[in-house]
Amino acid sequence: MLIPLEDSHKISFTRPISAGDAVIVYESATSMKPVTITAGAVFQNKFGVFKHGDWIGKPFGSKVLSSKGGFVYLLAPTPELWTLVLSHRTQILYLMDIGFVVSYLEIVPGCIVLESGTGSGSLSTSLARAVAPNGKVFTFDFHEQRAASARDDFEKNGLSSLITVSVRDIQGQGFPEEHKGRADAVFLDLPQPWLAVPSSAECLKPDAVLCSFSPCIEQVQKTCETMTSSFTDIRTFEVLLRTYEIRDVHLNKNNTTEEAIPTGPPRQKRKQSNRNNYESTNGDVSVMAKPCGTARGHTGYLTFARLTVS
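Since the structure is predicted, the reported quantities are computational estimates derived from the model, not experimental observations. (Residues numbered from 1 in each chain as written. Predicted model: local features only at pLDDT ≥ 70, side-chain atom pairs only at ≥ 80, totals over all residues. Heavy atoms only, no water.)

K.L.:
Describe in detail the overall build of the protein chain, supporting the description with residues and values.
P.N.:
Check the secondary structure of the protein chain and you find 8 helices and 16 strands. A sequence separation of at least 24 residues applies to 63% of the contacts in the protein chain between residues at least 6 apart. (Helix = DSSP H or I, 4+ residues; strand = E, 2+ residues; numbered from the N terminus. Contact = heavy atoms within 4.5 Å.)

Given below as structure tokens:
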């Protein structure tokens, strides 16, 4: 994953792809796959057969051709793209919530962040980038197999130096004593987050921020009640995303729509665009933006609270 760990490994979207690198193979806006580059291996899809050897040495973002003329793009495994392709061991946080969490928790390079639970590791990768190169994310999950799978994913993406995964029931045991008073931010994604609020307060530095993600408003209410004893500035948000579809519209002489041709996502199948050879004798081409027919609805509530200084 392209995260700046040291001067010799700064983010570079032009550095060549090497054997062992993880890349995101982009087939379409609705079809992307994570692939580890292996010398001698091949990747096969409906667009043809692609040799890994042909990908080595190319920069991220390259368009590569198959044996029969089809193509895919080789994208860098950024936290945003990794969220879209990772294995869903649990319900995950999506980009609209992740961006809000990282910003509102005031996470910057060098921060110490505690997270429970790890789940599929969607948020963890973005937290790692936010604290890099000198910060640390300590993430906990009570489920041993989930923790092991997440640890493998982080190692594959080169994040082991930034993320430490541990098996622990934070609801029942709280965070380890070693983290008391050291955390710059705490994130909770638990069935009963109110049980972990007292331990979170002990671990946070004065004036630091706690965030709790819950799908149900009843969880939010109980968590907020518990927060009032140690926290202030308690706020709850619901982030909703509305996507627009961009189309080329051909207008007739009366400036009314003649035909609209999709130019970008969402689309289910890749089709050869006929925008370049579209023959229209009735008017000019304009661009139209309209809301997509389907949109991602409620994911959960984000509750933030700031630790009071006693």
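K.L.:
So what's going on with the sheet that holds strand β2 (residues 31–36)? Which residues, and what values?
P.N.:
One open sheet accounts for 4 strands, arranged β2-β1-β6-β5; its pairing is antiparallel. Looking at the sheet topology across the chains shown, the edges are occupied by β2 and β5 (62–65). Strand-to-strand twist in this sheet, taken as the mean axis angle between neighbours without regard to direction, amounts to 35 degrees. As paired elements, strand β1 (residues 22–28) and β2 share 6 bridges and run antiparallel to each other. Following the sheet pairing, Val-23 is matched in β2 by Val-35. (Pairing = 2+ DSSP bridges. Axes fitted to C-alpha atoms, helices over the stretch in contact; angles between N-to-C directions.)

K.L.:
If you had to explain the sheet that holds strand β9 (residues 163–167) to someone new, which residues and values would you point to?
P.N.:
Spatially, the 7 strands line up as an open sheet ordered β9-β8-β7-β10-β11-β16-β12, and their pairing is mixed. Of all strands in the sheet, those bounded by a partner on one side alone are β9 and β12 (231–237). Averaged over all adjacent pairs, the angle separating strand axes in this sheet is 15 degrees, with direction ignored. Sheet topology note: the strand β10 (residues 183–188)/strand β11 (residues 204–214) ladder contains 5 bridges and is parallel. Along β11, the bridge assignment pairs Val-186 with Leu-210. Strand contacts of helix α3 (residues 95–104): β10, β11, β12 and β16 (301–307), with the helix running at about 5 degrees to β16, the strand carrying the most contacts.

K.L.:
Could you give an account of the pairing of β11, with specific residues and numbers?
P.N.:
Of all 11 residues that make up β11, 8 are buried, and the element is covered over most of its length. A crossover connection joins β10 to the parallel β11 through helix α7 (residues 197–203); in handedness this β-α-β unit is right-handed. Relative to β16, β11 runs antiparallel, the two being bridged by 6 bridges. Paired with Val-209 across the bridge in β16 is Arg-306. (Buried < 20%, exposed > 50% of the residue type's maximum accessible area, 1.4 Å probe, protein only. Right-handed = clockwise from strand over helix to strand, strands pointing away.)

K.L.:
I'd like to hear about the nonpolar core, residue by residue, with values.
P.N.:
Core analysis: the largest hydrophobic core is formed by 31 residues, its most contacted members being Val-101, Leu-105, Ile-107, Val-113, Ile-163 and Phe-187. For this core, the leading source of residues is helix α4 (residues 122–131), giving 5 residues. Those residues within four positions of Leu-105 in sequence are excluded, and the remaining contacts are Ala-185, Val-186, Phe-187, Val-209, Leu-210, Cys-211 and Phe-304. Core analysis: the next-biggest nonpolar cluster, separate from the first, contains 21 residues, Ala-183, Val-186, Leu-188 and Leu-190 among them. (Core = buried A, V, L, I, M, F, W, Y, C linked by side-chain atoms within 4.5 Å.)

K.L.:
Could you give an account of the packing of aromatic side chains, naming the residues involved and the relevant values?
P.N.:
Scanning the model with the defined rule gives 12 aromatic pairs in all. Judged by centre distance (6.1 Å) and plane angle (65 degrees), the rings of Tyr-26 and Tyr-73 are edge-to-face. Placement of the pair is Tyr-26 in strand β1 and Tyr-73 in strand β6 (residues 71–75), with a sequence separation of 47 residues. Using a relative accessible area of 23% as the deciding quantity, one classes Tyr-26 as partly exposed. A centroid spacing of 5.5 Å and a plane angle of 20 degrees characterise the contact between Phe-100 and Tyr-104, whose relative ring orientation is stacked. (Phe/Tyr/Trp six-rings, centres within 6.5 Å; stacked < 30°, edge-to-face > 60°.)

K.L.:
An account of helix α5 (residues 144–156) is needed here, citing residue identities and associated values.
P.N.:
Look at α5: 18 Å from first C-alpha to last across 13 residues, which is about the 18 Å you get at 1.5 Å a residue. When α5 is considered as a whole, its buried residues turn out to be Arg-146, Ala-147, Ser-149, Ala-150, Asp-153 and Phe-154. Take α5 and look down its axis: the buried residues cluster within an arc of 165 degrees, on one side only. Of the exposed residues in α5, the ones pointing more than 90 degrees away from its buried face are Glu-144, Gln-145 and Glu-155. (Expected span 1.5 Å × (residues − 1). Arc of directions from axis to C-beta.)

K.L.:
Tell me about the pattern of salt bridges, and please be specific about residues and values.
P.N.:
Applying the stated rule across the entire model yields 11 salt bridges. Here Lys-180 makes a salt bridge to Glu-177, at a shortest N to O gap of 3.2 Å. For Lys-180, a relative accessible area of 36% puts it in the partly exposed group. The salt bridge involving Glu-202 is made with Lys-180; its shortest N-O contact spans 3.4 Å. Placement of Glu-202 in helix α7 and of Lys-180 in the loop between α6 (170–173) and β10 is noted, with a sequence separation of 22 residues between them. Residue class for Glu-202 comes out partly exposed when judged on its relative accessible area of 45%. Residues participating in the shared-partner salt-bridge network are Glu-106, Asp-207 and Arg-306. (Salt bridge = Lys/Arg side-chain N within 4 Å of Asp/Glu carboxyl O.)

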